[in-house]
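Spelled out from the first residue to the last, the chains are:
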Amino acid sequence: MTYPLRKPGQATLSDHRAAHRPFASHKVDFAAAAVLERSPGIPKLSVRDVSLSYATNSGPRLTALKNINLQVQPGEFLCVVGPSGCGKSTLLHLIAGLHQQTSGEVLVDNAPVQGPGTDRILIFQELGLFPWLTVAQNVEFGMRMKGVSKSDRQARVRDYLRLVHLQQFSDSYTHQLSGGMRQRVALARALATEPDVLLMDEPFAALDAQTRDMLHDELERIWAETGRTIIFVTHNVREAVRLGDRIVLLTFRPGQVKREYEVDLQRPRHLEDVRVAGKAREILDDLREEINKSLEEEYGLEANA
Ligand SMILES: Nc1ncnc2c1ncn2[C@@H]1O[C@H](COP(=O)(O)OP(=O)(O)OP(=O)(O)O)[C@@H](O)[C@H]1O
Ligand SMILES: [Mg+2]
């Protein structure tokens, strides 16, 4: 399988990191990876002055997102954090073409998003795997929908299951797998459709800490190997610092970009790394302000009810 590889000047995956990945079968040399072909000046994704409001049962419309401006470069790993209800999922749905903005525009490769497309794929916390299909059939499913030929499908099932280290489970059913393995099947299924942009909505939130650690390593490796653009929503600021090139913090409702943070820490990073913790603390201070606003509003509404 050949990928457009990425990222000049990044750290070589160290033995230290490999030791933390018990099932790692090979090392990723970030430094040796070829430079991702970028179209200079053309971002992969642009969100321009986007607002979105929802109709509510109680009367006035609810403004979920307000004047969001965001640019994501090809091959970038962007994390989005913010208090519950600030519009993170709404933003991903917009980019996926599942919602329509009230004003503003969303562009992918400079073309307006006009609905779902095979260039973007959304991975939810609820994985949506089919229990009546085997692992291989689940991975194949998205490609069938996309009209990929049978021989290509078979080759890609093999390649992508190998990428997530599940080739020996291809004939298992999903109930025979652990939560982390199911998450990897969902990742393989999404990657097998070969989207340019992966939209991940708290994909690891329900997993135990060890499995999440392992999947961080896996996702980072796959991202480095495939050059995909990733937009990753999480509640967990450390997770965002562990994974992201850049982090966007949204305000409490209506969601607006409060601040952006560059994460220029060398990869591979580890959740427990003091540099990761230090960066996370900086972001957490800003996030807490927004969480406090959300609590004030929610407790205030309860008190007035
Ligand atoms: N389909 C909908 N109809 C009406 N309101 C909606 C709809 N979907 C979301 N909302 C509202 O929009 C706001 C943003 O919701 P969204 O799910 O995007 O938040 P979030 O940041 O993903 O929250 P969480 O962190 O809890 O997942 C919330 O106030 C929510 O109630
Ligand atoms: Mg959400």
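Residues numbered from 1 in each chain as written. Chains lettered and ligands numbered in written order. Predicted model: local features only at pLDDT ≥ 70, side-chain atom pairs only at ≥ 80, totals over all residues.

A short note on the site of ligand 1
Here is the rule: Think of it this way: take the backbone, place a C-beta atom on it, and check whether that atom is within 6 Å of the molecule or strand, in which case the residue is near it. Strands are runs of DSSP state E lasting at least two residues, helices are runs of H or I lasting at least four, and both sets are numbered from the N terminus onward. Any residue that is not Ala, Val, Leu, Ile, Met, Phe, Trp, Tyr, Cys, Pro, Asp, Glu, Lys or Arg is counted as polar, Gly included; the first ten are nonpolar and the last four charged.
Around ligand 1 sit Y54, L62, A64, G82, S84, G85, C86, G87, K88, S89, T90 and R253, and that is every residue in its neighbourhood. Those elements that provide at least two residues to the shell around ligand 1 are β2 (59-72) and α2 (88-96). With three residues, the top contributor of residues to the shell around ligand 1 is α2. Residues of the shell around ligand 1, tallied by class, amount to four nonpolar, six polar and two charged.

With respect to the sheet that holds strand β1 (residues 45-56)
Heads up, the condition is: For two strands to be treated as a pair, DSSP must find no fewer than two bridges joining them.
Strand order across the open sheet formed by four strands is β2-β1-β4-β5, with antiparallel pairing between neighbours. Single-partner strands in this sheet number two, and they are β2 and β5 (111-112). Both β1 and β2 contribute to a ladder of eight bridges, which runs antiparallel. Bridge pairing in β2 links S46 to Q71.

A closer look at α2
Condition: To sort residues by exposure, count the other C-beta atoms lying within 10 Å of each residue's C-beta; 20 or more gives buried, 12 or fewer gives exposed, and values between give partly exposed, all with C-beta atoms placed from the backbone.
Burial runs high along α2: eight of the nine residues are buried. Among the residues of α2, those classed as buried are K88, S89, T90, L91, L92, L94, I95 and A96.

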